[in-house]
Amino acid sequence: MRRAPKSFRLHIGIFGRRNTGKSSLLNALVRQQVSIVSEVAGTTTDPVEKPMELLPIGPVLFIDTAGIDDVGALGQMRVDKTRQVLDRTDVGLLVVAAGQWAEFEEGILRELRDRKVPAIVVFNKSDLGGPAPGLAEKLREEKVACVETVANRGEGFLGLREALVKAAPDDFINAPSVVSDLVPPGELAVLVVPIDKEAPKGRLIQPQVQTIRDLLDGDSYCIVVKERELRDALERLKRPPALVVTDSQAFLKVAGDTPPGVKMTSFSILLARQKGDLAEFVHGAMAIENLRPGDRVLVAEACSHHPITEDIGRVKIPRWLRQYVGGELEVHVTQGRDFPDNLASYQLVVHCGACMWNRREVLARMLRCRQAGVPISNYGMTIAYTLGIFDRALEPFPDALETYRRLKAERPTEGVRKEKGEIGGKGRREREV
Ligand SMILES: Nc1nc2c(ncn2[C@@H]2O[C@H](COP(=O)(O)OP(=O)(O)OP(=O)(O)O)[C@@H](O)[C@H]2O)c(=O)[nH]1
Ligand code: SF4
Ligand SMILES: [Mg+2]
């Protein structure tokens, strides 16, 4: 994996009075003992830095600081060092113990606000007491996010991660391109766009348009074909394309017609990476292996209506899943901003590519799923998995492929159902409308 230089990392500064649990919070966030914790106020004397991959944001740098309510000469030095951290913070966590709130906390918020740095107030030690009545509401009105944690017991961290995703500046959240990093300048991508009765009249759909535009922006180029012409188009080329991208519904035919060695994926998987977190979707798709007849599956579409996606979400994906599982599934469909509160009652969420949304919205949804303990996959990932071409579809994304292979190796039952012939027969048929 390429290492992100420090400046590309989202710097998350952890501030607050002494002994509020800042170091405990850092240790719980990174699940390691990187900063010394003790009941003695003033334990952390110098900023402690910890770089890590914080899914789903990506590379971050946590900076635990010395409590800045210190007094005396030594205290002043700590205050100065902590203040320097404020200057390089992209998101500030203000840790407050058991509702302690006074001019001191208001002062830190002001400092963050003056620097236009988003702040999250962490009411830690909430086992000992919550925020003063009305305080959280007042802060939220001021657009300051608030969460409650018990850092030494690891409680409240999903809420904190969700708040971090919301607070992170767009530059960090909207990082990956659609496709241009996969097709070098001057190279060719072949895009496969089935034009059948479900295709909207006279136009291409958003994911296809966005892919073409991104290729042009990246100084590469593409040819666009229907699935029937793909083989012929590839034969005419003097050198193979850098990538073949297909509508997920034509996955199996396109996988068959694209020579081994030529990377292939779908528009929907490109969107899974650009708008969401590909590694998390890999986990989600692999949860299909655990589905059993009678399980509940939520199909979520980000926009309110689209003839193709409606059909794929309501008819085709449920059918592929049922065939893979070998029995009935209870499939529910949601559209737009509706997302049920009872997520935990589902065994799987399958999300559309969310081409109309920004990455932050998709990541927030993924976090809600994680919070509820329900795996989330997306359309293309689900289709590739049920059709048995998951590795192939992940080839352009070495990190995701690696995650898949590692998880597969760790799960001894993986593939057993296939070998026993319990699944996979009818599930490998394509485009059953
Ligand atoms: N009850 C309770 N105790 C906590 C919680 N979080 C941390 N503590 C305890 O509070 C004490 C101080 O924790 P630290 O993480 O060292 O606090 P700090 O803010 O880093 O302190 P300084 O480095 O001195 O500024 C330790 O004894 C922790 O075990 C919590 O959520 N609840
Ligand atoms: S938002 Fe989702 S359902 Fe709507 S067009 Fe985009 S991918 Fe399809
Ligand atoms: Mg500390």
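Chains are numbered independently. Their residues run from 1 in the order of the written sequence. Here the convention is simple: chains get letters from A, ligands get numbers from 1, in the order in which they are written. Reporting of local features is limited, given that this is a predicted model, to residues whose pLDDT is at least 70; pairs of side-chain atoms are given and counted only at 80 or more, and all residues count toward the totals for whole chains, interfaces and linings. Each side-chain value is worked out from all heavy atoms of the structure, with water and hydrogens disregarded.

A. Highlighting the coordination of the magnesium ion (ligand 3). Only nitrogen, oxygen and sulfur atoms qualify as donors, provided they sit within 2.8 Å of the metal or within 3.2 Å for Na, K and Ca; with water excluded from the atoms, sites may seem incomplete. Protein-derived ligands of the magnesium ion (ligand 3) are Ser23 (OG) and Thr44 (OG1), with the metal-ligand distances lying across 2.0 to 2.1 Å. Separated by 21 residues along the polypeptide, Ser23 in helix H1 (residues 22-30) and Thr44 in the loop between H1 and strand E2 (48-54) bring together distant segments of the chain. Thr44 gets classed as buried once you look at its relative accessible area, which sits at 11%. Going along the chain from the N terminus, every DSSP run of H or I of four or more residues is numbered as a helix, and every run of E of two or more is numbered as a strand. Exposure classes here rest on a 1.4 Å probe applied to the protein chains alone. A residue is buried below 20% of its type maximum, exposed above 50%, and partly exposed in between.

B. Highlighting the environment of Pro185. Looking at where Pro185 falls in the secondary structure, it is placed in the loop between helix H6 (170-173) and strand E7 (188-192). In this structure, the C-alpha to C-alpha distance between Pro185 and Leu216, residues 31 residues apart in sequence, is 9.1 Å. If near-sequence neighbours (up to four positions away) are discounted, Pro185 is found in contact with Gly218, Asp219 and Ser220. Contacts are assigned to residue pairs with any non-hydrogen atoms lying within 4.5 Å of each other.

C. Main features of the packing of helix H7 (residues 206-217) against helix H10 (residues 267-275). The axes used here are C-alpha line fits, helices contributing only the stretch in contact, and every angle between their N-to-C directions lies in the interval 0 to 180 degrees. One way to put it is that H7 packs onto H10 with a least axis distance of 10 Å and a crossing angle of 75 degrees. As the angle between them shows, H7 and H10 are arranged roughly perpendicular. Here Pro207, Gln208, Gln210 and Thr211 of H7 come into contact with H10, specifically with Phe267, Leu270 and Leu271. Following the grouping adopted for this structure description, the nonpolar residues are Ala, Val, Leu, Ile, Met, Phe, Trp, Tyr, Cys and Pro, the charged ones are Asp, Glu, Lys and Arg, and the polar ones are all others, Gly among them. Classifying every residue of the contact of H7 with H10 gives four nonpolar, three polar and no charged. Put simply, angles under 35 degrees are roughly parallel, angles over 145 are roughly antiparallel, angles from 65 to 115 are roughly perpendicular, and the rest are oblique.

D. Helix H14 (residues 379-386), seen in detail. Burial within H14 is extensive, with eight of its eight residues counted as buried. Taken together, the buried positions of H14 are occupied by Tyr379, Gly380, Met381, Thr382, Ile383, Ala384, Tyr385 and Thr386. Positioned one or two residues after H14, Gly388 has a phi angle of 75 degrees, which is positive.

E. Layout of the site of ligand 1. Here a residue is near a molecule or strand as soon as one of its heavy atoms is found within 4 Å of it. Close to ligand 1 lie 23 residues; Lys22, Ser23, Ser24, Gly42 and Thr44 are nearest. Here a polar contact means two N or O atoms within 3.5 Å. Within protein one must be a hydrogen donor candidate and the other an acceptor candidate, and residues neighboring in sequence count only if both atoms are side-chain atoms. Here an oxygen atom of ligand 1 and a backbone polar atom of Thr43 are 2.8 Å apart. Within the contact set of ligand 1, a nitrogen atom lies 3.3 Å away from a side-chain nitrogen or oxygen of Asn152. Computed with the Shrake-Rupley method and a 1.4 Å probe, the accessible areas treat only the protein chains shown as cover for residues. Burial of ligand 1 by the surrounding chains reaches 90%, relative to a free accessible area of 660 Å². No other element matches H1, which puts three residues into the shell around ligand 1. Per-class residue counts for the shell around ligand 1 are six nonpolar, twelve polar and five charged.

F. Representation of the sheet that holds strand E8 (residues 221-225). A strand pair is defined by DSSP finding two or more bridges across the two strands. Taken in spatial order, the four strands of this open sheet run E8-E7-E9-E10, and their pairing is parallel. Since the sheet does not close on itself, it has two edges, and those belong to E8 and strand E10 (264-266), each with one partner. Direction aside, neighbouring strands of the sheet carry axes that sit 25 degrees apart on average. Note: strand E9 (residues 243-246) against E10, three bridges, orientation parallel. Counted as the bridge partner of Thr246 is Ser266 from E10. Contacts from H10 reach E7, E9 and E10, with the element oriented near 75 degrees to E10.

G. Summary view of the pattern of salt bridges. By definition here, a salt bridge exists when the distance from a side-chain nitrogen of Lys or Arg to a carboxyl oxygen of Asp or Glu is within 4 Å. With the rule as written, the count across this model stands at 24 salt bridges. Among the salt bridges present, the one from Asp46 reaches Lys81, with a minimum N-O distance of 2.3 Å. Of this pair, Asp46 sits in the loop between H1 and E2 while Lys81 sits in helix H2 (residues 72-87), and the two are 35 residues apart along the sequence. Looking at Asp46, the relative accessible area reads 36%, which means it is partly exposed. A cluster of three or more residues bridged by salt bridges with shared partners is formed by Glu106, Arg113, Lys138 and Glu142.

H. The arrangement of the sheet that holds strand E4 (residues 91-97) in detail. The strand order E2-E3-E1-E4-E5-E6 describes an open sheet built from six strands, whose pairing is mixed. Each having just a single partner strand, E2 and strand E6 (145-148) make up the two edges of the open sheet. On average, each strand axis in the sheet is inclined to that of its neighbour by 25 degrees, with strand direction left out of account. Examined bridge by bridge, strand E1 (residues 10-16) and strand E3 (residues 58-64) share five bridges and lie parallel to one another. Considered in E3, the bridge of Ile14 is made with Asp64.

I. Representation of the packing of H1 against helix H5 (residues 157-167). The interhelical angle for the contact between H1 and H5, taken along N-to-C directions, is 85 degrees, at an axis separation of 11 Å. Classified by the angle their axes make, H1 and H5 are roughly perpendicular. Within the contact between the two elements, H1 uses Leu25, Ala28 and Leu29 and H5 uses Phe157, Leu160 and Arg161. Of the residues contributing to the contact of H1 with H5, the split by class is five nonpolar, no polar and one charged.

J. View of helix H3 (residues 103-114). By this rule the span expected of a helix is its residue count minus one, scaled by 1.5 Å. The terminal C-alpha atoms of H3, which comprises twelve residues, lie 16 Å apart, in line with the 16 Å expected from a rise of 1.5 Å per residue. If you check which residues of H3 are buried, you get Glu105, Gly107, Ile108, Leu109 and Leu112. Where H3 terminates, the next one or two residues include Lys116, which has phi positive at roughly 60 degrees.

K. Structural context of the packing of aromatic side chains. Centres within 6.5 Å are what make two rings of Phe, Tyr or Trp a pair, Trp counting through its six-membered ring; a difference in plane orientation under 30 degrees is then read as stacked, over 60 as edge-to-face, and the rest as tilted. A complete count under the given rule lists four aromatic pairs for this structure. Their ring planes at 50 degrees and their centres at 6.5 Å tell us that Trp101 and Phe123 sit as a pair that is tilted. Within this pair, whereas Trp101 is found in the loop between E4 and H3, its partner Phe123 is found in strand E5 (residues 119-124), the two being separated by 22 residues in sequence. Ring centres 4.9 Å apart and planes at 85 degrees place the aromatic pair Phe390 and Tyr404 in the edge-to-face group. Separated by 14 residues along the polypeptide, Phe390 in helix H15 (residues 390-394) and Tyr404 in helix H16 (residues 398-410) bring together distant segments of the chain. Residue Phe390 is classed as buried on the basis of its relative accessible area of 3%. Residue classification places Tyr404 among the buried positions, given a relative accessible area of 4%. Taken together, the ring pairs in this structure connect Tyr324, Tyr385, Phe390 and Tyr404 into an aromatic cluster. The aromatic ring of Tyr346 is capped on one face by Arg296, whose charged end is 4.4 Å from the ring centroid. We call a charge positioned above a ring when the Lys NZ or Arg CZ atom is no farther than 6 Å from the ring centre and deviates by at most 35 degrees from the ring normal.

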